[in-house]
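A look at the structure
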Amino acid sequence: MNTSHDISGAPEEALLQEFDHTIDAGQRVEPRDWMPDGYRKTLIRQIAQHAHSEIIGMQPEGNWLTRAPSLRRKAILMAKVQDEAGHGLYLYSAAETLGADRSDLTEKLIEGKQKYSSIFNYPTLTYADVGTIGWLVDGAAICNQVPLCRSSFGPYARAMIRVCKEESFHQRQGFELLTKMMRGTDEQRAMVQESVNRWWWPALMMFGPPDDESPNTEQSMKWGIKRHTNDELRQRFVDMSIPQAKALGVTFPDPDLKWNANRKSHDFGEPDWSEFLAVVKGNGTSNIERIANRRAAHEDGAWVREAAMAFAARDKKAAS
Ligand code: FAQ
């Protein structure tokens, strides 16, 4: 084992033991604590991807802000999209506590060097998609993120607590919108079903590749960054969504979906993993548009960043 010293003077072996002890005891690692390089890198990768997803994730629903069917729907949608921006900001702040630089992360996103969730590369074709995203996409996000409230890295876990509370509101507003539409006309019901058909499989893909093709899960579980595997959470999501679909009066586009009494869970079909890989590699329907919009927003906002920096510098000078 490497016995080099860190700046605190303690041998690395002792520091690693203390870190392992913190993880094994289920305690939190905080930004000033020593941590292995791999732990720091994995967290920066996951938190940055998560932050990028929240920010890019504003676009599919933002697409409908100007065409919301009523003032009430517009106010709700506006609040939700703004919440997603807030989530992105908490997450970039959590990444900064690990030494990451926020402008560098943004640069990596718009240069295509860091990922964001595959789900946001699908287009929103009807207003029912706003409801379906709330119900299924926020639903999947909650399923994945509630266990992250117990993640071993303090700032990430604490950010997740607030994020999950807000995501729960998002999920309910989506379900409420779809419930209203399902009580409407035949045309509205058909619109909801068509939307659910398009979003079901991409929602299952949000949980990541199957466990035997997930290079990061094993180590992330050992470090307590992730608390469940991708497949465990996908199964949980399927089981929780089926009664909700029944209550709503919609079906999922999967002929293999059925209750398995032995496993006390639902069996379900295999998502199209070749589609997932294509979307993650940048070849989904909306990848180019999403990044182009993000790049344009970043460039258009340059003067705001410059003004804020100049203002802060002037303030600092006046105070000294
Ligand atoms: N899309 O080894 P694993 C939201 C990548 S927030 C794209 O299994 P890991 C709120 C993965 O990064 C949604 N890439 O990786 C909202 C890795 O890439 P790398 C975002 C994916 O990290 C709602 C490679 O594949 N949520 O929705 C995806 O252990 C509505 C191998 O995968 C989070 O980020 C994917 N779906 O597990 C906002 C939650 N899946 O870097 C607006 C936190 C995997 O090795 C509107 N993140 N990849 O090249 C996590 O829990 C984990 O990072 C997983 C992936 C589970 C996503």
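Structure's up top.
The structure displayed is predicted, hence computed values, not measured ones. (Residues numbered from 1 in each chain as written. Predicted model: local features only at pLDDT ≥ 70, side-chain atom pairs only at ≥ 80, totals over all residues. Heavy atoms only, no water.)

Quick word on the overall build of the protein
Per the secondary structure count, the protein includes 13 helices and two strands. Its C-alpha atoms give the protein a radius of gyration of 21 Å, near enough to 20 Å, the size a compact globule of 320 residues would have. Along the three orthogonal principal directions, the C-alpha set of the protein runs to about 70 × 60 × 30 Å. Within the span of the protein, comprising 320 residues, buried residues form 48% of the whole. (Helix = DSSP H or I, 4+ residues; strand = E, 2+ residues; numbered from the N terminus. Rg over C-alpha atoms; globule rule 2.2 N^0.38 Å. Buried < 20%, exposed > 50% of the residue type's maximum accessible area, 1.4 Å probe, protein only.)

Some words on the site of the ligand
Lining the immediate surroundings of the ligand are 35 residues, of which Gln49, Lys115, Ser214, Lys226 and Asn230 lie closest. Interatomic distance of 2.7 Å between a side-chain N/O atom of Lys226 and an oxygen atom of the ligand. When isolated, the ligand has an accessible area of 1,100 Å², and the protein chains bury 90% of it. Elements that contribute at least two residues to the shell around the ligand include exactly helix 2 (37–56), helix 4 (71–96), helix 6 (128–145), helix 7 (154–182) and helix 11 (273–283). Per-element tally for the shell around the ligand: the top contributor is helix 2, with six residues. For the shell around the ligand, a count of residues per class yields 13 nonpolar, 13 polar and nine charged. (Near = heavy atom within 4 Å. Polar contact = N/O pair within 3.5 Å; in protein donor to acceptor, adjacent residues only side chain to side chain. Areas by Shrake-Rupley, 256 points an atom, 1.4 Å probe, with all protein chains shown as cover. Nonpolar A, V, L, I, M, F, W, Y, C, P; charged D, E, K, R; others polar.)

As for the pattern of salt bridges
Per the counting criterion, the structure on display carries 17 salt bridges. In this structure, Arg73 and Glu176 form a salt bridge, with 2.9 Å as the shortest nitrogen-oxygen distance. With a gap of 103 residues between them, Arg73 in helix 4 and Glu176 in helix 7 connect regions that are remote in the sequence. Close ionic contact of Glu218 with Lys222 constitutes a salt bridge, the shortest N to O distance being 3.4 Å. Residue Glu218 and its partner Lys222 are both found in helix 9 (residues 217–222); the two are separated by four residues, about one turn of the helix. (Salt bridge = Lys/Arg side-chain N within 4 Å of Asp/Glu carboxyl O.)

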